Each structure stands twice: as C-alpha cells, then as structure tokens.
Amino acid sequence: MAEAKGLSKIKMLFYWFIIPLLFALLLLLVLAQIANINVFEKAKEIAGFSEEQVLTVDKKTEVLEERVVSLQAEIQEKEARIDKVQTELDNSATEKEALLIEQERLLEEIATLTRNQESAKRDYAEVVSTFEKMSAKKAAPVITKMSDAEALRILTSLKPDTVASIYEKMTPEDAAKYTELMTK
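Let us look at the structure shown here. The structure presented is a predicted model; accordingly, all values stated were derived computationally and were not measured.

### Side note on helix H4 (residues 136-145)
Those residues of H4 lying buried are Ala136, Ala139, Ala140 and Ile143. The arc that holds every buried residue of H4, seen down its axis, measures 105°, which confines them to one face. Turned more than 90 degrees away from the buried face of H4, the exposed residues are Lys137, Lys138 and Lys145.

Here it is, written out as structure tokens:
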C-alpha cells in the first residue's frame with residue numbers, strides 16, 4: 001500500500017499541475033497563433049539572443065580581421081622604411097669614412113705644400129741675398145739671361161740701391177725693359 005500511496009502522489013501531481021499547465025500552454029499557443037505572434041521569436045527576444053547579434057559578432061570579427069590585416073601592412077611598411085633609413089645610415093657612415101680619409105690626405109698634401117713653399121721662400125731669400133752680395137758688374141749679365149718673370153721677381157726683392165747699381169751695368173735697352181716691367 002505504501003507503494004500505492006507513493007504512486008497516487010505522483011498521479012495527483014500529474015493531474016493537478018502538469019496536465020493543467022500543458023493545457024494552459026496549448027491554449028496560449030493557439031491564442032498567439034490567432035493573434036499572429038511568433039512565440040519562438042518573442043522567446044529569443046526575451047532571452048536576448050538573436051541572429052542580429054550573431055551577425056554583429058561576425059561583423060565585429062570581420063572588422064577586427066581587417067584591422068589586423070591593415071596593421072600588418074602598416075608594420076611591413078614601417079619595417080621597409082626602417083630598412084631604408086638603416087641603408088642610408090650605413091651609406092652615410094661609409095661616405096663619412098671616405099671623407100675623413102680624403103681630409104687626412106688633403107691635410108698631408110697641404111703640409112707638404114707648405115713645407116715646399118717655405119723651402120722655396122728660403123731658397124728665394126738665399127738667391128736674393130746672393131744677388132745683393134754680388135757686384136753689380138756680375139749680377140747684371142746674369143739677370144739679363146734669366147726669364148723676364150724671374151728677373152723681375154728678383155729685381156723687386158732687391159734694395160733700391162742694389163737695383164740702381166745693377167741697372168748702371170746693363171745696356172740701356174735692358175734697363176729700360178726691366179724698369180718698364182717693374183712699373184706695371
């Protein structure tokens with residue numbers, strides 16, 4: 001009997017709650033059909049789940065994928081720019097080294113030319129000193145045998161008294177020629 005009582009409680013629950021609930025649901029579905037209401041769509045709206053949300057998620061995914069692709073392209077472009085700048089930097093470093101080497105070479109050349117110029121000045125000073133020590137009789141024929149440019153250079157470096165005595169020992173034509181050259 002205890003079994004019968006347990007079974008009867010299930011039957012009572014079934015008769016009193018489940019059958020009337022199912023009947024009420026059937027009645028609501030029929031009324032919704034007559035009112036042209038789609039119950040399943042309303043249930044989705046109430047639950048907050050819709051196909052639009054799925055599409056929105058898909059669209060968001062597409063937008064994010066497009067953004068990733070554009071960012072990757074931007075990264076590649078910036079890497080290309082970095083490579084270009086690095087190449088320019090390497091080239092400028094190489095060019096700088098070449099310019100430094102050229103500068104050193106030119107400085108050495110300047111030093112050599114300066115030494116040669118100083119040596120030439122000393123040699124010229126010695127030549128002028130020699131002509132000042134020579135007698136005018138011996139200096140005049142030597143100067144007339146030189147090129148006009150060298151003779152003029154030496155004559156302009158000599159003291160006026162020495163030049164006058166050398167002119168006295170020259171022919172009048174040569175003296176006139178060198179005087180004319182000195183006045184130009």
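### Overview of a negative patch on the surface
Taken together, the side chains of Asp58, Glu62, Glu65 and Glu66 define an acidic patch exposed on the protein surface. Among the secondary structure elements, Glu66 is positioned in helix H3 (residues 51-133).

### Re the pattern of salt bridges
Counted by the stated rule, this structure contains 6 salt bridges. The partner of Glu74 in a salt bridge is Lys78, and the shortest N-O contact between them spans 3.6 Å. Of this pair, Glu74 and Lys78 both sit in helix H3, 4 residues apart, which is roughly one turn of that helix. Of the residues examined, Glu74 reaches a relative accessible area of 36% and is grouped as partly exposed. Two residues, Glu109 and Arg105, come together in a salt bridge whose shortest N-O distance is 3.0 Å.

What counts, and at which threshold
Residues numbered from 1 in each chain as written. Predicted model: local features only at pLDDT ≥ 70, side-chain atom pairs only at ≥ 80, totals over all residues. Heavy atoms only, no water. Buried < 20%, exposed > 50% of the residue type's maximum accessible area, 1.4 Å probe, protein only. Helix = DSSP H or I, 4+ residues; strand = E, 2+ residues; numbered from the N terminus. Arc of directions from axis to C-beta. Patch = residues over 30% accessible without salt bridge, like charges linked within 9 Å, V, L, I, M, F, W, Y side chains within 5 Å. Areas by Shrake-Rupley, 256 points an atom, 1.4 Å probe, with all protein chains shown as cover. Salt bridge = Lys/Arg side-chain N within 4 Å of Asp/Glu carboxyl O. Lys, Arg positive; Asp, Glu negative; His and termini not counted. Charge placed at Lys NZ, Arg CZ, Asp CG, Glu CD.

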